[in-house]
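Chain by chain, the residues:
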Amino acid sequence: MSRIGRMPIAIPAGVTVEIAENNKVTVKGPKGTLERVIVPEMELKMEDGQLTVARPNDLKRMKSLHGLTRTLIHNMIVGVTDGYEKVLEVNGVGYRAAKQGKVLTLSLGYSHPVEMTDPDGIEAVLDGQNKIIVKGIDKEKVGQYAAEIRDKRRPEPYKGKGIKYADEHIRRKVGKTGKK
């Protein structure tokens, strides 16, 4: 049995979970509303403030979808109550970030500034000139947008210049040495 899949999902106060036909799950909370269509084979049951996910049989596909389904629904509930955020750091001489409206402008040593527009439901907030905080209620979209920002200039292993996650460790390499 899936250890994660069999755990019940507690539904906090102020959050409503609706399950429509074809396992369309709608979660409403203080921060917004999220919708997702879950695999129709999974059985979702609401019982006294808890949601449980059950699988119909022990086929390999069902076993792998069991924990995933439970985690996706749990992430939706956490998203509408607390929200998600990813912190990125811009490191390097002359590298900086600026925000104007919904447009994030990055100066990353290219001949032109890189401009990125915030997707719907996601907000990039600046903390100084070298810290970008990506916030939103959908964990997938927050992670994807943060990854797209990081891809504009990945950190390099010699000086550590580029955009990295705040909790990311860059493995450093030793540079060239002079002739003897």
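Refer to the structure printed above.
Residues numbered from 1 in each chain as written. Predicted model: local features only at pLDDT ≥ 70, side-chain atom pairs only at ≥ 80, totals over all residues. Heavy atoms only, no water.

Looking at this structure, I do not really get the overall build of the chain. What am I missing?
The helix and strand tally for the chain stands at two helices and 13 strands. Computed over C-alpha atoms, the radius of gyration of the chain comes to 21 Å, more than 25% over the 16 Å expected from 2.2 N^0.38 for 180 residues, which places it beyond the range of a compact globule. Dimensions of the chain along its principal axes, counting C-alpha atoms only, are 70 × 45 × 25 Å. Relative to its full complement of 180 residues, the chain shows a buried share of 35%. Within the chain, counting contacts between residues at least 6 apart in sequence, those at least 24 apart form 49% of the total. Accessible surface for the chain amounts to roughly 11300 Å². Of this, 49% is attributable to carbon and sulfur atoms. Counting 33 positive and 23 negative side-chain charges, the chain places the averaged centre of each group 11 Å from the other. (Helix = DSSP H or I, 4+ residues; strand = E, 2+ residues; numbered from the N terminus. Rg over C-alpha atoms; globule rule 2.2 N^0.38 Å. Buried < 20%, exposed > 50% of the residue type's maximum accessible area, 1.4 Å probe, protein only. Contact = heavy atoms within 4.5 Å. Areas by Shrake-Rupley, 256 points an atom, 1.4 Å probe, with all protein chains shown as cover. Lys, Arg positive; Asp, Glu negative; His and termini not counted. Charge placed at Lys NZ, Arg CZ, Asp CG, Glu CD.)

Would you mind going over the sheet that holds strand β5 (residues 43-47) with me for this structure?
What holds strands together in a sheet is hydrogen bonding between their backbones, with the strands either parallel or antiparallel. Across the sheet, which stays open at both edges, the three strands sit in the order β1-β6-β5 with antiparallel pairing between neighbours. Sheet topology places β1 (9-10) and β5 at the edges, where each strand pairs with a single neighbour. As paired elements, β5 and strand β6 (residues 50-54) share five bridges and run antiparallel to each other. Bridge pairing links lysine 45 to threonine 52 in β6. (Pairing = 2+ DSSP bridges.)

What is the right way to read the packing of aromatic side chains from this model?
Any pair of aromatic rings gets described here by the distance separating the centres and the angle formed by the planes. This model, assessed by the stated rule, comprises zero aromatic pairs. Geometry around tyrosine 165 places lysine 86 over its ring, the cationic atom sitting 5.3 Å from the centre. For the cation-ring pair, arginine 153 lies above tyrosine 110, with the distance from its terminal atom to the ring centre recorded as 4.3 Å. (Phe/Tyr/Trp six-rings, centres within 6.5 Å; stacked < 30°, edge-to-face > 60°. Lys NZ or Arg CZ within 6 Å of the ring centre and 35° of its normal.)

Help me understand the pattern of salt bridges in this model?
Note on pairing: side chains with opposite charge can pair once their charged atoms come close. Going through the model one piece at a time under the given rule, you end up with ten salt bridges. Across the pair aspartate 58 and arginine 55 runs a salt bridge whose closest N-O atoms are separated by 3.0 Å. Judged by relative accessible area, arginine 55 falls into the buried class, the value being 12%. In this structure, the salt-bridge partner of lysine 164 is glutamate 89, at a minimum N-O distance of 3.4 Å. (Salt bridge = Lys/Arg side-chain N within 4 Å of Asp/Glu carboxyl O.)

Help me understand the nonpolar core in this model?
Inside soluble globular proteins, nonpolar side chains tend to come together where they are buried. Residues Leu88, Leu106, Ile132, Val134, Tyr145 and Ile149 are the most contacted members of the largest nonpolar core, which totals 20 residues. When contributions to this core are tallied by element, the ones reaching two or more residues are β7 (84-91), β9 (103-107), β10 (114-117), β11 (122-126), β12 (131-136), α2 (139-151) and β13 (162-165). Top contributing element to this core by residue count: α2, with four residues. Once residues within four sequence positions are removed from consideration, leucine 88 is found in contact with Asn130, Lys131, Ile132, Val134, Ala146, Ile149, Arg150, Ile163, Lys164, Tyr165 and Ala166. (Core = buried A, V, L, I, M, F, W, Y, C linked by side-chain atoms within 4.5 Å.)

From the geometry alone we can't say anything about function, so treat these as descriptive.
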